[in-house]
Each structure stands twice: as structure tokens, then as C-alpha cells.
Amino acid sequence: MTKLYNYLYELKTGTIIHHQRKVMTLKRKHFMIAVLSGLSFLAMGHGLTANAKSDNAPTIANVVFKPTNETNLTNYVYDTVDPNSQYFHHYLSPDEFAQKFGQSDQYVAAFKTYLKKYHVNADVYGGNLSLKVSGTRNNVNRAFNATYVTEKGTHKSRTTYKLPAHLSNHVLTVMGLYQSKPTVNKPVNRQSHSKKALTQLRSSSISSPTQTDDTKPDTTISGDRFSKKYGALKFAKQYQLTALYDKGLKGQGQRIGIISSGDFHNSDLTTYWKQAGVNNDLSHIHKIYTVDSRKDVQKRLDFAVNGAQIEATLDVQAASSVAPKADIDFYIGDSTDDLTNAPTAHYMSFMQAISDNIDQQLSTSFAPTAEVQSRWHDYSATMDQYNHAFNLMLEQAAAQGITVFRASGDNGPRDDVTLAKECAWGSNITATPAQIEAGKIGGSGGGFSALNPTPRYQQGISGVNTFRAIELLKIQRKSHKYTISKHPKIITGINNGRNLPDVAGNADIQTGYALYFSGNQVRFKQNKLHSVLKKVWMMDGGTSYTSPQMAAANAVMNSGRTTSIGFWNPQIYKFAQQADSPFTVLDGTNNHNLYYTGQPGKLYNQATGLGTINFDKLSRKFDQETNDK
């Protein structure tokens, strides 16, 4: 089986990939509550531009510009976290970034003028690396001279475009364009495109609430007792964040940006806060709707519980409780109304947050696809182009001093016996008979990027670009289900590319965290729609938890500093090589994620990265870098 189970946005720049860990303590039993039926995977948005009602329907696309000098941009990003550089912690504002690396205001103005001729509106994001384009589908396609093309040897279609020479030279890609196949007799069946893409987006989502343990949290306890058993204080104790709390650092003066594809009920948040003893001040929560309107998104939220809502809820509950004095900016890229596709919506939400430049840390548990060509569903931007565009955006974030965190995924690349210490997440031993029968055996992501080369901060680190793996699962050709091998083969070798993940954190269901959400369970009965309000407390897990928790921990560390920590990666790989490393390496051979295992004596492995974090030590490392400057 292949070994490269990586997600498209685990990129060369500041994405810290949080890999799920677990302490195996008890045998898991699962149930699927009614409101979650059919939601074992989470899709980013429900619509694609391919599903527009007509050519007069509104649509959104994004034009991504090349930086004026990409090499200089990359070097500058590294310089911002190099104590020996004159640019150490010299972070740029979006305007300064535009002047140094973005396209000129004159060029952007010329682009807007051109689009206006076709009745297409355009808004530039801060930094001058991207333009948000909106109008009717017909007008947008006319402006970009969009053409339907069938790829050779396939039944897949692409949308090509052509711009005037004076504009095209500085364009990296255009994402979100869709041109239907020309037809004379009947309109194209766009709905079939959408249904197929939606199915594939669901199956490729990087993180979703999994089927849940039948042990619910004990809600007869509350406050610190509840938090120590099921919430933020449990995380803080496990990873030595408590020492920073004791210094009075709880995220004050900080803002955490969360990139989401769904909305949440404010009442669910206040219910959770009350139970966990967190200050329930909703004035700290700010929702930003980057695609669909607040009215449309909340209308869908009120209609029925959905996977994106549950993901959004756990993200904000996790972040707000770990950093209770920080503000949360929640960027909601819901595109159910077919304004754009999932990749474009995700890009837009990130770019909006980076352009706003008010959050010193960003986190997401969403992604539109994996690094698999068959799962890619933007018609006008190729996977490589989108990957390049996302890298540039993350480099802008790093140049502005923003730290970016991303979950590594809940579907393996391909668990473990009962252990008394943390290890990588996989579930071959603890999977239920029903899960094994269905061939659905979960584990966290890891491996080597097929799109990005090994970044300079990983080069020379022991364990990077080498691997040890176990062929634990076998795929059945006819059923496409996984079965567990009784005598798994051990493989060792070398590979190249961005090694994933970077660090590890616990979010296993058996040792996971409490989640509260509410919403309508909707069913059809006798051709009538019936809805019942459900209020649910449950124990949950998934790599989704670690990303917002780590972003919140970063906010706690930042709350005691005068300048933000910025781009983690070069710094943490340096720290990992020092004698007093803040990381606990998980290099055991039974530390595996269903494929990649630990490599004894190596600093890095593709199951758990550099390992788990001691935030007290890590904070002192970051502070020392600043104080020694």
C-alpha cells in the first residue's frame, strides 16, 4: 500500500502539523448517536461552482499573484526567526508586505479596471498577493475567457482561461472558475458533478468527530474538576502548560483565528464554558463569514445538526478553554449556496485572516482534499498550482509573525496494544468488530509530501527522509476494505519531501475531551419532514482537538511576550537537537499510526514527528531566543 498519506495544506512554511497521540487504557465501545448518523466524515462546504443554477448565478473566484521575488520572500521568513539576522522578529504589516513582496498597487488597479469592463467586482487582500473576484458566472467566465476542456485519456473536465498579456505575466493561478460543456439540445447536468465531488470531499476531509465512546462525561462535576478530567486543565497538566497559568498567562491580549467550514451555536459554547468553569464572555468570540452570508449560514445551522457544525463547535470550545482570556476570530468559509468550491472557500478564509492581521496564531482542522489527484476538484487551478498558492499565503503569514497550526488527519496513512505511555494513534487492536468488518480502521496521518520538497529546517535531522513501517493492513481488491494482517511485514527505507507531522498531542477518544453541541435531528417519515432538538454531551477524539489546543497554548506563551513567536518550524527543529530539548521523542517501534512506526534513537519519525511538547520548556526556549538577541 502506498505510504504517502498527506494533506495538501501540510506545506513547506509555517504549518505545524499536530498528530494525534493516545494513552491506551481501556477497550473502546462505540455507538453512533442519531444526530450524527451518516456523518462519520466531514466535508468542507456542500457545494461546488459546478452546481450553479444558471450562468446568471453569482460566483466567486480568486486570482493569485506571484510575489515580486519568491526566493527573497522565503529567506525573509526564515530571517524573522533567526536571532543572528537583522530581521529577527521584524514582522511586516500587510501594507509593508505588499511593498516588499506583493504586486504593485498600479498593477492591482489595472486588473480591477479590466474586470470592471465585464461587470465583475474585485477586492484585493492585504499584501497584494490575491484578488477576490465576484460576479455572475457568465460575466466572470467572459472576463477570463474561460473554456471547457476534456483532459486527454479521461472523462474529467478542466476550465482553461486566458488574460491580456499585461495582466497574465504576474498571475500564478486562478481558482474557482468553472465553465460547463457547450451543449445545443439540453443543459449540462451540473448536479451530478456536485454529488460526485461532495462524496469525494467527504472521504478526504482531514478531521472530523469520530464515532464516540459510550462513556459520556460526568456532568455532575463542574469547574476545575470537570476541566481536569475532560478539558483544558487535563491538556495543560499533560503538557506542562500549567506552569504558564501559574505565572498569570492565560492568553490575555491575544487573538486566535480559527479557519472553519461550519458555524456553531453560541449557546453551546456558553453551556460548555459553564460546565468547565471558563469565563463565559461571548464578547471574546467574533464570527467572520468569508463566503456565504451570516443569514444563510445560520439558516442552515438552525435547520439540522451537521458534521461541519460539530467540528466548528469542538474547535472553538478547545481553543477558548485552553486560552480563556484570548479573543477568538472564527472565519467561516461555508459555500453551500454554490458561490464557489471548497478549495477556493478554504483559501479565502485563510487569506481573509492573514489579510486582517489581527490573529497571532491560526488553526484549522479542515482541508478540501488530500495530495491525491483523483480527489482534486478545482477546475481551473491544478493541485500543484493550488499548493504553490497556499505556500505563498503561509509565507505571508510567517512574515507577519503569525503561527499556523493544522491537524494531520484522522484516517491513517494506513492501534496499538494497551500501553501506559503515549504513542501514535491507530486502532487495529481497539477497533470494534463492526469497524473491522467494515474495513474502517482509523489512525492519524503522516508520511512524505508528494508536492513539497524537504524544507531546510528538516534537513539533517535524524529520522527525516528515512522511515520504518509496518504493513499491518491489507486492501481487498474486490471490496476495497482493509483487513488486519496476522503476520505484518516490517519495511525500512528512504524517501523525500516535506516530512509530516511536526509534533504530537493527545486527542484519543479513550483519553479525549468532552464536547457539547445541540441541534435538530431531521428525518423523513411518511413523506414528511420531522425534526427533534437534541442536546448532546459526549467524549470525543480526533486530530481536530490538538490543532486548536496548540494554537491556544501558543497564545498563552505569546501573552507573556512583547513580540510574537512567529514561524515555529525552524525554531523547534533546532530546539529538538539541543540537550535540554522541550520534546519527548516517541521512537518506539510499537509507536505507529497503522503504517509508519518510530525509529529507535532518531529525533524524528513520520508517526509522531518530534514528539510531545513540554510547553514550559518550549516557552523558555522561545524567550531565550528573544532575550539573547
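Here's a quick rundown of the structure. (Residues numbered from 1 in each chain as written. Predicted model: local features only at pLDDT ≥ 70, side-chain atom pairs only at ≥ 80, totals over all residues. Heavy atoms only, no water.)

## Focus on the pattern of salt bridges
- Counting across every chain of the model gives ten salt bridges.
- Across the pair arginine 255 and aspartate 327 runs a salt bridge whose closest N-O atoms are separated by 3.7 Å. Separated by 72 residues along the polypeptide, arginine 255 in strand β10 (residues 255-260) and aspartate 327 in strand β12 (residues 327-332) bring together distant segments of the chain.
- Classification of aspartate 327 by relative accessible area gives buried; the value is 15%.
- Measuring nitrogen to oxygen at the nearest pair gives 2.9 Å for the salt bridge that ties arginine 498 to aspartate 502. For the pair shown, arginine 498 and aspartate 502 are each scored as buried.
- Overlapping salt bridges, with partners in common, bring together Arg255, Asp327 and Asp329 in one network. (Salt bridge = Lys/Arg side-chain N within 4 Å of Asp/Glu carboxyl O. Helix = DSSP H or I, 4+ residues; strand = E, 2+ residues; numbered from the N terminus. Buried < 20%, exposed > 50% of the residue type's maximum accessible area, 1.4 Å probe, protein only.)

## Quick notes on the packing of helix α1 (residues 70-79) against helix α14 (residues 383-399)
- Between α1 and α14, whose axes approach to 9 Å, the crossing angle comes to 45°. As judged from the angle between their axes, α1 and α14 are oblique. Classified by chirality, the crossing of α14 by α1 is left-handed. Side by side, α1 and α14 meet where Glu70, Leu73, Thr74, Tyr76 and Val77 of the first sit next to His388, Leu392, Glu395, Ala398 and Ala399 of the second.
- Its residues assigned to classes, the contact of α1 with α14 comprises six nonpolar, two polar and two charged. (Axes fitted to C-alpha atoms, helices over the stretch in contact; angles between N-to-C directions. Parallel < 35°, antiparallel > 145°, perpendicular 65-115°, else oblique. Left-handed = near helix turned anticlockwise from the far one by under 90°. Contact = heavy atoms within 4.5 Å. Nonpolar A, V, L, I, M, F, W, Y, C, P; charged D, E, K, R; others polar.)

## A word on the packing of helix α12 (residues 307-322) against helix α16 (residues 543-558)
- Across the interface, α12 lies against α16 with an axial gap of 8 Å and an inter-helix angle of 30°. One finds that α12 runs roughly parallel with respect to α16. Seen from above, α12 lies across α16 with right-handed handedness. Residue-level inspection shows Glu311, Leu314, Asp315, Ala318, Ala319 and Val322 of α12 in contact with α16, the latter providing Ser544, Tyr545, Pro548, Gln549, Ala552, Ala553 and Val556.
- Class assignment for the residues of the contact of α12 with α16 results in nine nonpolar, two polar and two charged.

## Brief notes about the nonpolar core
- Within the largest apolar cluster, 112 residues are counted, with the highest numbers of intra-cluster contacts made by Leu241, Ile256, Trp568 and Phe615.
- Looking at which element gives the most residues to this core, the answer is α14, with ten residues.
- In this structure, isoleucine 256 is in contact with Ala319, Ala323, Ala326, Asp327, Ile328, Asp329, Asp359, Gln361, Ala551, Ala552 and Ala555, ignoring residues within four places of it in sequence.
- Of all hydrophobic cores here, the second largest spans 20 residues; its members include Tyr107, Leu115, Val140 and Leu177. (Core = buried A, V, L, I, M, F, W, Y, C linked by side-chain atoms within 4.5 Å.)

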